[in-house]
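Below, each chain spelled out in residue letters.
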Amino acid sequence: MPAKSRTMPVQDDLRRRLTLFAAVGVVAAALIAGHVTTRSAEAAVPAPPRAGDLTVVELFTSQGCSSCPPANDNLVRLSTRSDLLTLSFNVTYWDDLGWPDIFAKPAYTQRQRDYEQGLGTDNVWTPQVVVDGRSHVVGQRMSDIERLIAAHRPFTGPTVIFRSGGVGLAGGSPLADPADVWLVRYEPRPIAVPVARGENGGRTLPHASVVRDLVRLGPWSGGRARGFALPAASRAGLLTAVLVQAPNGGPILAAAKG
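Q: Tell me about the nonpolar core, residues and numbers included.
A: Ranked by size, the top nonpolar core spans 21 residues in total, and within it Leu-85, Leu-87, Val-184 and Leu-243 carry the most contacts. Those elements that place two or more of their residues in this core are strand 2 (55-61), strand 3 (84-90), helix 4 (106-119), strand 8 (179-186), strand 11 (211-220), strand 13 (239-245) and strand 14 (252-257). Counting residues in hydrophobic clusters, the runner-up holds 16 residues, among them Leu-217, Trp-220, Leu-253 and Ala-254.

Laid out in structure tokens, this is it:
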């Protein structure tokens, strides 16, 4: 009940802002409907905000890391919870141990290095779990992960809404430093990967919520409604999420599933 009472003013603010931008609604409507190809517009088409407040759980893992399978198992268990957005980012820096991770991308390694700065750690390592971009633990320790999930507080950033190939943001206070708006596409079901070589050679490892695409849509400065067109996914069947996050590995301000 308290969470709902906090959400309603944001919804009212969203409707008010989108009404104020009705003069440019034709441009925004074309954007969201996919009739124009510009990446952003200063208004978003009104639609009911998605209910609930997600907790974002990111796992940085590698198929070449012998310590990672228990953390992968933990994410598989957490991925069934509707109150969580679970994401598995496979990194590249274990690839020289005999098994190049089939899901790894340099962009995911860079995301973890951004967290090195944002969280004030002195290195990157696996398995690492980051919750809401604010805190982190070793990925094998389910009790520690659950403790950070329980400490989640409602996000203070914009309301995020999806509609017909686009996403709109509204609400929230102006920011001194613009936040980054990230599009994430990820697998809807766990994937079992046979690993032939390296530290996990001969094992079949589960992977849940494997991230396939990570795209920065643009900045968000707060205080104004804004819409973004969503590029096509790299493959069919992926789920969609949007994160609004302080730059350089800062805290997540808003998150929504498409």
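Back to the write-up after that little detour.
Q: Pulling in residues and values, what's your account of the sheet that holds strand 3?
A: In a beta sheet, neighbouring strands pair by backbone hydrogen bonds and run either parallel or antiparallel. The four strands lie next to each other as 3-2-4-5, forming an open sheet whose pairing is mixed. Either end of the sheet is taken by a strand with one partner, and the two such strands are strand 3 and strand 5 (135-138). Each strand axis lies, on average, 20° off the axis of its neighbour in the sheet, ignoring direction. As judged from the four bridges shared by strand 4 (residues 128-131) and strand 5, these two strands associate in the antiparallel manner. The partner of Val-131 across the bridge, within strand 5, is Ser-135. Its contacts with the sheet place helix 3 (residues 69-78) against strand 2 and strand 3, and it is angled at close to 155° to strand 2. This element, helix 4, spans strand 2, strand 3, strand 4 and strand 5 of the sheet and lies at about 115° to strand 2.

Q: Explain the pairing of strand 3 to me, using residue names and the numbers behind them.
A: The buried fraction of strand 3 amounts to seven of the seven residues, a majority that puts the element mostly inside the structure. Neither face of strand 3 is exposed, since Leu-84, Thr-86, Ser-88 and Asn-90 on one face and Leu-85, Leu-87 and Phe-89 on the opposite face are all buried. Both strand 2 and strand 3 contribute to a ladder of seven bridges, which runs parallel. Residue pairing in the sheet places Thr-55 in a bridge with Leu-84 of strand 3.

Q: Explain the side chain of Asn-200 to me, and be specific about the residues and the numbers.
A: Relative to the helices and strands, Asn-200 is located in the loop between strand 9 (191-194) and strand 10 (204-207). Within the local environment of Asn-200, its side chain forms a polar contact with the backbone oxygen of Gln-63, the two atoms lying 2.9 Å apart. A distance of 2.9 Å separates a polar atom in the side chain of Asn-200 from the backbone oxygen of Cys-65. In contact with Asn-200, not counting residues within four places along its chain, are Ser-62, Gln-63, Gly-64, Cys-65, Ser-66, Pro-69, Val-195 and Leu-205.

Definitions and limits used
- Residues numbered from 1 in each chain as written.
- Predicted model: local features only at pLDDT ≥ 70, side-chain atom pairs only at ≥ 80, totals over all residues.
- Heavy atoms only, no water.
- Core = buried A, V, L, I, M, F, W, Y, C linked by side-chain atoms within 4.5 Å.
- Buried < 20%, exposed > 50% of the residue type's maximum accessible area, 1.4 Å probe, protein only.
- Helix = DSSP H or I, 4+ residues; strand = E, 2+ residues; numbered from the N terminus.
- Pairing = 2+ DSSP bridges.
- Axes fitted to C-alpha atoms, helices over the stretch in contact; angles between N-to-C directions.
- Contact = heavy atoms within 4.5 Å.
- Polar contact = N/O pair within 3.5 Å; in protein donor to acceptor, adjacent residues only side chain to side chain.

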